[in-house]
Amino acid sequence: SQQSIVGAISVAPAGSSSWDTASPTAVLLALDPLARVTDLIGRPLIYDGVRLTNEAGVVVSSGDVAVRVHEDLTGRLSKDESFLSMIGLDLNLVRIEKAPPTAANTLPQPLP
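Residues numbered from 1 in each chain as written. Predicted model: local features only at pLDDT ≥ 70, side-chain atom pairs only at ≥ 80, totals over all residues. Heavy atoms only, no water.

1. Structural notes on the overall build of the chain
- The helix and strand tally for the chain stands at six helices and five strands.
- Each of the 112 residues in the chain was classed as buried or not, and the buried ones make up 30%.
- The long-range fraction of contacts in the chain, counting pairs at least 24 apart against all pairs at least 6 apart in sequence, stands at 69%. (Helix = DSSP H or I, 4+ residues; strand = E, 2+ residues; numbered from the N terminus. Buried < 20%, exposed > 50% of the residue type's maximum accessible area, 1.4 Å probe, protein only. Contact = heavy atoms within 4.5 Å.)

Below, the structure is given as structure tokens:
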């Protein structure tokens, strides 16, 4: 259908609660495994019971075009120093957090 090609995108400001996003995220990803749910700079949301606020906002997208817009938007915001400063993030820390996985940090490590 046309809707699945274009899709939809939604942006929420910093400070929303993980309680507000956890259930909708689960439902969306169950219906559309290719959907994206990240913060405003492209990092996955964390549901660990400790961090209860989405400090860097939320971007949700589903559908081919919307997902491409999502990835472009979050990619640009993650490199925008003035935006990062406005939401209280450091560009150097964002680069570390978004670094691609390597064998050293993705493989289980032996116990000492």
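2. Quick notes on the confidence of the model for the chain
- Looking at the chain, pLDDT values average 80 and 79% of them are 70 or higher.
- With pLDDT under 50 throughout, residues 99–112 is counted as low confidence; its partners more than four residues away or in other chains account for two contacts. (pLDDT = per-residue confidence, 0-100.)

3. Remarks on helix 3 (residues 64–77)
- Over its 14 residues, helix 3 extends 20 Å from the first C-alpha to the last, a length consistent with the 20 Å expected when each residue adds 1.5 Å.
- Where helix 3 is concerned, the buried positions are Ala 66, Val 67, His 70, Thr 74, Gly 75 and Leu 77. Buried residues of helix 3 fall within an arc of 165° about the axis and therefore sit on the same side. Along helix 3, exposed side chains directed more than 90 degrees from the buried face belong to Arg 68 and Arg 76. (Expected span 1.5 Å × (residues − 1). Arc of directions from axis to C-beta.)

4. A short note on the pattern of salt bridges
- Taken as a whole and judged by the stated rule, the model has four salt bridges.
- The shortest N-O distance in the salt bridge between Arg 36 and Glu 71 comes to 3.0 Å. Here Arg 36 is found in strand 3 (residues 36–38), whereas its partner Glu 71 is found in helix 3, with 35 residues between them in sequence.
- Between Asp 48 and Arg 51 there is a salt bridge, with the nearest N and O atoms lying 3.0 Å from each other.
- Owing to a relative accessible area of 34%, Asp 48 belongs among the partly exposed residues under this scheme.
- Residue Arg 51 is classed as partly exposed on the basis of its relative accessible area of 46%. (Salt bridge = Lys/Arg side-chain N within 4 Å of Asp/Glu carboxyl O.)

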